[in-house]
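A closer look at the structure
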Amino acid sequence: MTPFSPRPVMFGEVVFDRFPDGSAVLGGAPFNVAWHLRGFGENPLFISRVGDDEAGRRVRLAMHNWDMDCAGLQIDPEHPTGAVHIQLVDGEPVFDILPKQAYDYITLAEVPPLDLVAFIYHGSLALRSAESHATLESLVRRRTTSVFLDVNLRAPWWSAAEIQRWMVYADWVKLNRHELEQLAPGINGGLGEGADDALTRARRLIARYDLRGLLLTLGEAGALALTAMGDSESITPASTTEVIDTVGAGDAFTSVFLLGHLRNWPLAVTLQRAQDFASAIVGVRGATVADHSFYQCFLNHWNE
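What you are looking at is a predicted structure, and each value in this text was computed from that prediction instead of being measured.

Reading the values: the criteria
- Residues numbered from 1 in each chain as written.
- Predicted model: local features only at pLDDT ≥ 70, side-chain atom pairs only at ≥ 80, totals over all residues.
- Heavy atoms only, no water.
- Pairing = 2+ DSSP bridges.
- Helix = DSSP H or I, 4+ residues; strand = E, 2+ residues; numbered from the N terminus.
- Axes fitted to C-alpha atoms, helices over the stretch in contact; angles between N-to-C directions.
- Salt bridge = Lys/Arg side-chain N within 4 Å of Asp/Glu carboxyl O.
- Buried < 20%, exposed > 50% of the residue type's maximum accessible area, 1.4 Å probe, protein only.
- Parallel < 35°, antiparallel > 145°, perpendicular 65-115°, else oblique.
- Contact = heavy atoms within 4.5 Å.
- Nonpolar A, V, L, I, M, F, W, Y, C, P; charged D, E, K, R; others polar.
- Phe/Tyr/Trp six-rings, centres within 6.5 Å; stacked < 30°, edge-to-face > 60°.

Quick word on the sheet that holds strand E6 (residues 82–89)
Spatial ordering of the open sheet is given by E3-E2-E6-E7, a layout of 4 strands whose pairing is mixed. Of all the strands in the sheet, the pair left with one neighbour each is strand E3 (24–27) and strand E7 (92–97). The sheet shows a mean angle of 35 degrees between the axes of neighbouring strands, direction not considered. Pairing between E6 and E7: 6 bridges, direction antiparallel. Along E7, the bridge assignment pairs Ile86 with Phe95.

As structure tokens, this is what we get:
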């Protein structure tokens, strides 16, 4: 990576994931993805907003210590830094996402110049508020780069019509099997029609929204990626993976998928590496790791 390389732009929420044991871990899908990309040596621009509070200062300090660019991190004098209360039910996270958080008020006037952008990544949660929604829409409407939409359907903060409208702007869309069913129901409804039907519905989304590709995560069954050119690759995780919690597993997978896009890895290689990294993240508490050696081990292995 050179100083003049196109850089990824990540737009959306940064929050503290608060667990039942009282621990609080930095999270939020766009933040997690940006954090991982920085860990792998990329230089993402993370655009978000935090409160003028202790939590906001912790976010900025964490980014500074991780050598992340803070130019896109806005300070809100009125609204608190984002927080999510997480309960683990049968090993799966259940999210209580608080309203009117600082990331709901990302303003276009405070967004730094976007030069040499590799792609714009955003989730769907930041679309729930009028101001952040308008800021992102302005950025993607005037873009000359690709857009990666990471669907995160968190009740009650979404509508199918709104997500489908944003798919029009997207080049790549990532979603899980439950989100696929919500946005492209199978002929018989439900999730039991099998892998072929999931492929059919995924291809229908690619055709309907003129996508370059779609990434479908399947939990313990792995993931698959499809392109508009008809290519498809799938991956399953190793059965020996030790699970501490699954918070941020999808974000970990996405980060390496995007890393493969930046570094022109073949699709099958990208999926394998993304799955390996996601399997490692479920073995730690929370969605991010503040240890450079954790990332370097993967880089060393990938460069062998």
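Topic: the pattern of salt bridges
Summed over all chains, the structure comprises 15 salt bridges. The residue Glu42 makes a salt bridge to Arg263 at a minimum N-O spacing of 3.0 Å. Remark: Arg263 occurs in helix H7 (residues 249–263) and Glu42 occurs in the loop between helix H1 (29–39) and strand E4 (45–51); sequence separation between them is 221 residues. Its relative accessible area of 8% is what places Glu42 among the buried residues.

Here we look at the packing of helix H3 (residues 130–141) against helix H4 (residues 160–167)
It is the contact of H3 with H4, at a shortest axis distance of 12 Å, that shows an interaxial angle of 25 degrees. In terms of their interaxial angle, H3 and H4 are classed as roughly parallel. From H3, His133, Leu136, Glu137 and Val140 reach across to H4, where they touch Glu162, Arg165 and Trp166. Across the contact of H3 with H4, the residue classes break down as 3 nonpolar, 1 polar and 3 charged.

A look at the pairing of strand E12 (residues 223–227)
The buried fraction of E12 amounts to 5 of the 5 residues, a majority that puts the element mostly inside the structure. Two strands pair when backbone bridges link them, and strand E11 (residues 213–217) and E12 are joined in this way by 5 bridges, in the antiparallel orientation. By the bridge assignment, Thr217 is partnered in E12 with Ala223. Examined bridge by bridge, E12 and strand E13 (residues 232–235) share 4 bridges and lie antiparallel to one another. Note on E13: the bridge partner recorded for Ala225 is Glu233.

Brief notes about the packing of aromatic side chains
The geometry of an aromatic ring pair comes down to the distance between the two centres and the angle between the two planes. Counted according to the given criterion, the structure contains 18 aromatic pairs. Residues Phe40 and Trp302 carry aromatic rings whose centres are separated by 5.3 Å and whose planes lie at 35 degrees to one another, so their mutual orientation is tilted. One end of the pair, Phe40, is in the loop between H1 and E4; the other, Trp302, is in helix H9 (residues 292–302), and 262 residues separate them in sequence. Like Trp302, Phe40 is buried. A ring pair is formed by Trp166 and Tyr169, whose centres lie 5.2 Å apart and whose planes are at 65 degrees; its orientation type is edge-to-face.

It is worth stressing that arrangement in space is one thing and function is another; only the former is reported here.
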